[in-house]
Amino acid sequence: MKVAIVGASGAVGQEFLRILAERNFPIDELVLFGSERSAGRKYEFCGKEYEVKLLQHNDDFKDIDVAFVSAGGGTSKEFAETITKHGCVMIDNSSAFRMDPDVPLVVPECNAEDALARPRGIIANPNCTTIMMVVVLQPLEKLSHIKRIHVSSYQSASGAGAAAMAELQQQYRQLVDGVPVTVKKFPHQLAYNVIPQIDVFTDNGYTKEEMKMYNETRKIMHTDARCSATCVRVSSLRSHSESVWIETERPISVEEARAAIAAAPGCTLKDDPQNLVYPMPLETAGLDNVFVGRIRKDLADDCGLTLWLSGDQIRKGAALNAVQIAEYLISVGNIG
């Protein structure tokens with residue numbers, strides 16, 4: 001396998017390097033690409049040093065089997081044809097192609113087979129909050145069709161990138177030192193705060209992030225479920241959390257839900273609230289699975305359940321999901 005990472009210097013690009021090494025992904029040759037700002041930087045992978053090449057419109061992708069792309073939607077749109085024209089499979093982490101009818105939107109635990117039909121040679125990686133939610137909802141959907149979803153997200157600084165994580169840490173230092181706080185990556189100071197806005201607002205009062213959860217959930221799960229979301233930035237450094245309410249066609253017991261989630265791929269049940277055991281960002285950061293707890297009946301709906309989940313936004317919410325898509329394609333002989 002000849003593998004490329006586009007956007008190798010970013011937080012997700014660096015996570016790609018770690019995950020590919022950890023999982024012993026079958027790489028015969030690795031090529032790193034970046035912008036003019038990052039071209040020339042060197043990174044170590046499996047004991048060998050690699051230099052970042054400048055991403056250009058040329059034939060650099062001619063012999064590459066799969067490209068993991070995390071360089072922003074503008075770059076993905078501009079270079080999609082360059083990356084795919086010789087047969088390279090582009091697994092894109094941006095929002096550029098997620099709702100394109102000719103581009104599958106894939107979470108392997110839910111709809112791996114969708115990755116096999118890709119007319120444009122592109123597979124889209126969903127939004128991080130959507131990925132974590134559908135991994136947990138899929139086993140519940142198998143018990144009874146989910147009709148409605150309400151979700152509030154608690155999204156860490158990592159969702160806005162490495163520079164945003166650094167800014168949050170800087171803000172806490174500045175507050176302790178009693179100096180003016182730097183605010184560049186967020187619309188307001190994040191330290192000691194929560195911000196009820198992620199991405200820009202649309203005409204219906206929801207943000208683009210919230211609409212992603214509505215639209216992407218329906219496409220991934222092949223469902224008519226309606227999802228109403230409120231996405232909030234919180235001052236944790238890494239790992240997102242979500243509070244989720246679902247309404248199903250028939251009542252699902254807490255015991256059924258716990259058993260289904262405990263057995264589901266990509267999920268870890270952590271649900272013993274009487275002993276203060278439930279998922280938290282401090283504990284899920286750096287881990288692969290989505291952790292689920294606080295499963296209980298919804299007091300406002302006889303067919304309702306509510307639960308809490310937490311997972312690493314940079315891993316399962318981004319890089320790991322993309323790598324798992326490639327692993328699936330390899331396992332069925334569809335790539336390489």
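Above this text sits the structure in question.
A quick note: this is a predicted structure, and the numbers were derived from the prediction, not measured.

This part is about the nonpolar core. Core analysis: the largest hydrophobic core is formed by 54 residues, its most contacted members being Phe 61, Ile 83, Leu 137, Ile 149, Val 244 and Leu 307. Sorting elements by how many residues they give to this core places helix H4 (residues 128-143) first, with eight residues. With sequence-adjacent residues up to four places away left out, Ile 83 is seen in contact with Val 6, Phe 61, Ala 67, Val 69, Cys 88 and Met 90. Within the second largest apolar cluster, 43 residues are counted, among which are Val 12, Phe 16, Ala 115 and Ala 319.

Most of strand E14 (residues 304-311) is tucked away, with seven of its eight residues classed as buried. Pairing geometry for strand E11 (residues 240-248) and E14, over eight bridges, is antiparallel. From the neighbouring strand, Val 244 faces E14, where its bridge partner is Leu 307. Here strand E13 (residues 290-297) runs beside E14; their pairing, made up of five bridges, is antiparallel. Pairing of Lys 297 across the sheet is with Leu 305, part of E14. Counting the residues between successive antiparallel strands, the hairpin from E13 to E14 contains six residues.

Relative to the assigned elements, Val 136 resides in helix H4. Residues Val 136 and Val 292, 156 residues apart in the sequence, show an inter-C-alpha distance of 7.7 Å.

This brings us to unusual backbone geometry. Across residues other than glycine, the phi torsion is negative in most instances, and most of the peptide bonds are trans. Residue Cys 46 is not a glycine yet carries a positive backbone phi of 50°. The residue Cys 46 is located in the loop between strand E3 (42-45) and strand E4 (48-51) in this model. For His 222, which is not glycine, the phi dihedral falls at a positive 50°.

Strand pairing in a sheet relies on backbone hydrogen bonds. The paired strands run either parallel or antiparallel. Reading across the sheet, the six strands line up as E5-E2-E1-E6-E7-E8 and stay open at both edges, with parallel pairing between neighbours. In the strand order of this sheet, the two ends are held by strand E5 (53-54) and strand E8 (122-124), each with one partner. Note: strand E7 (residues 89-92) against E8, three bridges, orientation parallel. Paired with Met 90 across the strands is Ile 122, a residue of E8. Where helix H1 (residues 11-22) meets the sheet, it contacts strand E1 (2-6), strand E2 (29-34) and strand E6 (66-69), and its direction lies at approximately 150° from that of E1. Where helix H9 (residues 315-331) meets the sheet, its contacts fall on E6, E7 and E8, and the angle it forms with E7 comes to roughly 150°.

Analysis parameters
Residues numbered from 1 in each chain as written. Predicted model: local features only at pLDDT ≥ 70, side-chain atom pairs only at ≥ 80, totals over all residues. Heavy atoms only, no water. Core = buried A, V, L, I, M, F, W, Y, C linked by side-chain atoms within 4.5 Å. Buried < 20%, exposed > 50% of the residue type's maximum accessible area, 1.4 Å probe, protein only. Helix = DSSP H or I, 4+ residues; strand = E, 2+ residues; numbered from the N terminus. Contact = heavy atoms within 4.5 Å. Pairing = 2+ DSSP bridges. Axes fitted to C-alpha atoms, helices over the stretch in contact; angles between N-to-C directions.

In short, shape yes, function no, at least from these values alone.
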